[in-house]
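Okay, here's what each chain looks like letter by letter:
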Amino acid sequence: MAIDKYPTPMLDQLEEGPWPSFITGIKRLRDQHPDQRINEMTASLLGQLEHSYETRKGYWKGGTVSVYGYGGGIIPRFSEVGNAFPESREFHTLRVQPPAGNHYSTAMLRQLADSWEKHGSGLVTFHGQTGNIMFIGTSTDGTQHFFDEINDYGWDLGGAGPCVRTAMSCVGAARCEMSCTNEQKGHRLLVNNFTDDVHRPALPYKFKFKVSGCPNDCQNAIERADFAVIGTWRDDMKVNQEEIKGYVAKKGRQYIIDNVITRCPTNALSLNDDDTLAVNNRDCVRCMHCLNVMPKALGVGDDKGVTILIGGKRTLKIGDLMGTVVVPFKKLESEEDWESMVELAEEIIDFWAENALEHERCGEMIERIGLVNFLEGIDVEVDPNMVSNPRECSYVRMDGWDDEAVKWFDRQAEAS
Ligand code: SF4
């Protein structure tokens, strides 16, 4: 039996720690799965991993594997020690796009699991860092068969390589009272519009969309997305004074002062003598702290929309970048509103594709060419409400030094 063929004394030690071990999960497939092919594949996988631990070397190499009509979405993995571990000689990963907001039904999950057990190793990650469902471990043939099957019932591969990547959106209004926009609609519109750019890598580097319904930003869109859409509101937050009094009665005045009032980063809150709350909404920077601590008493306002930030990314050439506010507030109500958001994304991707160096993220390009040139390139007027980092000062000087700010004042005067 394959299990005896590949002993794993070093990997066994990983199961002894206090945390659940991925080794235990793989062993379950090796020892308990009814399909012998999966038992052997995972035993061989563990054998190679043990060998890697012994020799302190990785033995997976890349290559080119793809399904018909697609240029990306599969991470090829060929073993350099395939002769010693033949059952897992090819162990490719398929990236599959999750539904917007990760709203799965159990029937969908069973369908996917059944197809994967038929054509792959049974190993799945929900979700990888990219947001995709990662189906880990199949042969080159299995890749096509699995894709054909799941594509028939509506799933599509995600992005890999220099392309528009799989987008992510938070669970949204279905389960969260802080939601300020239709996250799933934004997600689907953006992804559907750029499907070609997901499947055929032809851009300077990766480009990610993420949609968060409120400034809590559960998708980490500010840090991780080249194009971050984050729900917000521009009128006053809602305050239920009776509920505030209830919190004060339950927790005590000092507790509320220590844990809510003094923690507001802009001192926008104060507790009145009669245990009601005063909010200076003009100073609130939507950090969400008070709303998160007292969700029954405080709520987002009625005038909802989104902020769009460009250029967030993790470490690479110039270190981590947070997204820069390019659209301070945008209503997304009519179909034209949604369309104009997609058009802005098109404009930005076109400009970036034409002007970025190879392997340069959008944020890195903005750093190199300057924000003013970027804004001019995508035809967006400078607005003093743009901020370079969330909850910080405008990067537009308001004292007349900056011509663009003067133009903004002129436009405001004309409009009023
Ligand atoms: Fe202050 Fe943050 Fe509450 Fe706004 S959301 S009032 S900034 S604590």
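Residues numbered from 1 in each chain as written. Predicted model: local features only at pLDDT ≥ 70, side-chain atom pairs only at ≥ 80, totals over all residues. Heavy atoms only, no water.

K.L.:
Sorry if this is basic, but what is going on with empty space enclosed by the protein here?
P.N.:
Empty space left among the atoms is revealed by rolling a probe the size of a water molecule over them. Within the structure shown, the criterion is met by 1 cavity of 30 Å³ or more. In terms of lining residues, the largest cavity is bounded by 16 residues, among which Met237, Cys264, Cys284, Cys287 and Cys290 are the most central. For the lining of the largest cavity, the element with the highest residue contribution is helix H12 (residues 289-293), accounting for 3 residues. (1 Å grid on protein atoms, 1.4 Å probe; cavity = no way out; pocket = protein on both sides within 12 Å on 5 of 7 lines; lining within 4 Å. Points joined across faces, edges and corners; volume = space filled by probe spheres on them. Helix = DSSP H or I, 4+ residues; strand = E, 2+ residues; numbered from the N terminus.)

K.L.:
What's the story with the nonpolar core in this structure? I'm lost.
P.N.:
Inside soluble globular proteins, nonpolar side chains tend to come together where they are buried. Core analysis: the largest hydrophobic core is formed by 39 residues, its most contacted members being Phe209, Phe227 and Phe374. At the level of secondary structure, the elements contributing two or more residues to this core comprise helix H7 (183-193), strand E8 (209-212), strand E9 (227-233), strand E14 (304-310), strand E15 (324-330), helix H13 (335-355), helix H14 (362-369) and helix H15 (371-377). Top element by residues in this core is H13. It accounts for 9 residues. Apart from residues no more than four positions distant in its own chain, Phe374 is found in contact with Ile310, Val326, Ile348, Phe351, Cys362, Met365, Ile366 and Ile369. Within the second largest apolar cluster, 24 residues are counted, among which are Cys180, Cys214, Met237 and Ala297. (Core = buried A, V, L, I, M, F, W, Y, C linked by side-chain atoms within 4.5 Å. Buried < 20%, exposed > 50% of the residue type's maximum accessible area, 1.4 Å probe, protein only. Contact = heavy atoms within 4.5 Å.)

K.L.:
I'm lost on the pairing of E8 in this one. Help?
P.N.:
On a regular strand, one side chain projects to one face of the sheet and the next to the other, so that they alternate. Residues Phe209 and Val211 line one face of E8 and the alternating positions Lys210 and Ser212 line the opposite face, and both faces are buried. As defined by bridge partners, strand E7 (residues 168-169) adjoins E8 across 2 bridges and the pair is classed as parallel. Bridged to Met168 within E8 is Lys210. With 4 bridges joining them, E8 and E9 adopt parallel strand pairing. Counterpart to Phe209 in the pairing with E9 is Phe227. (Pairing = 2+ DSSP bridges.)

K.L.:
Explain the sheet that holds E9 to me, please; I cannot follow it from the model alone.
P.N.:
For sheets, the rule is that strands pair by backbone hydrogen bonds, running either parallel or antiparallel. With mixed pairing, 5 strands are arranged side by side in an open sheet as E7-E8-E9-E14-E15. Each edge of the sheet is formed by a strand with only one pairing partner; in this case those strands are E7 and E15. The sheet strands contacting H7 are E7, E8 and E9, and the helix crosses E8 at an angle near 170°. (Axes fitted to C-alpha atoms, helices over the stretch in contact; angles between N-to-C directions.)

K.L.:
Honestly, the sheet that holds strand E2 (residues 74-75) in this entry has me stumped. Any pointers?
P.N.:
With antiparallel pairing, 4 strands are arranged side by side in an open sheet as E2-E4-E6-E5. Taken across any chain shown, the strands that pair with only one partner, and hence form the sheet edges, are E2 and strand E5 (123-125). Bridge count between strand E4 (residues 93-96) and strand E6 (residues 133-136): 4 bridges; the pairing is antiparallel. Looking across to E6, one finds that Leu94 is bridged to Phe135. Contacting E2, E4 and E6, helix H6 (residues 140-152) crosses the sheet at an angle of about 20° to E4.

K.L.:
Any chance you could explain a nonpolar patch on the surface here in plain terms?
P.N.:
Residues Met10, Leu14, Phe22 and Tyr53 make up a contiguous nonpolar surface patch of about 350 Å² in total accessible area. Relative to the elements of secondary structure, Tyr53 occurs in helix H4 (residues 36-55). (Patch = residues over 30% accessible without salt bridge, like charges linked within 9 Å, V, L, I, M, F, W, Y side chains within 5 Å. Areas by Shrake-Rupley, 256 points an atom, 1.4 Å probe, with all protein chains shown as cover. Salt bridge = Lys/Arg side-chain N within 4 Å of Asp/Glu carboxyl O.)

K.L.:
I tried to follow unusual backbone geometry on my own but got confused; where do I start?
P.N.:
For residues that are not glycine, phi is negative in most cases, and the peptide bond is trans in most cases. Residue His127 follows Phe126 across a cis peptide bond; omega there is -20°. Along the polypeptide, His127 turns up in the loop between E5 and E6. Backbone geometry places Asn267, a non-glycine residue, at a positive phi of 50°. With respect to the helices and strands, the residue Asn267 is situated in the loop between helix H11 (253-259) and strand E11 (269-271). Of note, His359 is a non-glycine position whose phi angle comes to about 65°, a positive value.

K.L.:
Just checking my understanding: could you explain the pattern of salt bridges for this structure?
P.N.:
Opposite charge on two side chains lets them pair, provided their charged atoms get close. Under the criterion given, the structure shown has 18 salt bridges. Here Lys238 and Asp302 are joined by a salt bridge, their closest N and O atoms 2.7 Å apart. On the criterion of sequence distance, the pair formed by Lys238 in strand E10 (residues 238-239) and Asp302 in the loop between strand E13 (298-299) and E14 is long-range, its members being 64 residues apart. Taking relative accessible area as the criterion, Asp302 reaches 54% and is therefore assigned exposed. Between Asp303 and Lys331 there is a salt bridge, with its nearest N and O atoms 2.6 Å apart. Taken as a pair, Asp303 in the loop between E13 and E14 and Lys331 in the loop between E15 and H13 lie far apart in primary sequence, 28 residues in all. Overlapping salt bridges bring together Arg234, Asp303, Lys331 and Glu333 as one network.

K.L.:
Any chance you could explain a negative patch on the surface here in plain terms?
P.N.:
Residues Glu336, Glu339, Glu343, Glu346, Glu347, Asp350, Glu354, Glu376 and Asp379 make up a contiguous surface patch of negative charge. When residues of the negative patch are assigned to their parent elements, the largest contribution, 7 residues, is made by H13. Position of Glu347 among the secondary structure elements: in helix H13. (Lys, Arg positive; Asp, Glu negative; His and termini not counted. Charge placed at Lys NZ, Arg CZ, Asp CG, Glu CD.)

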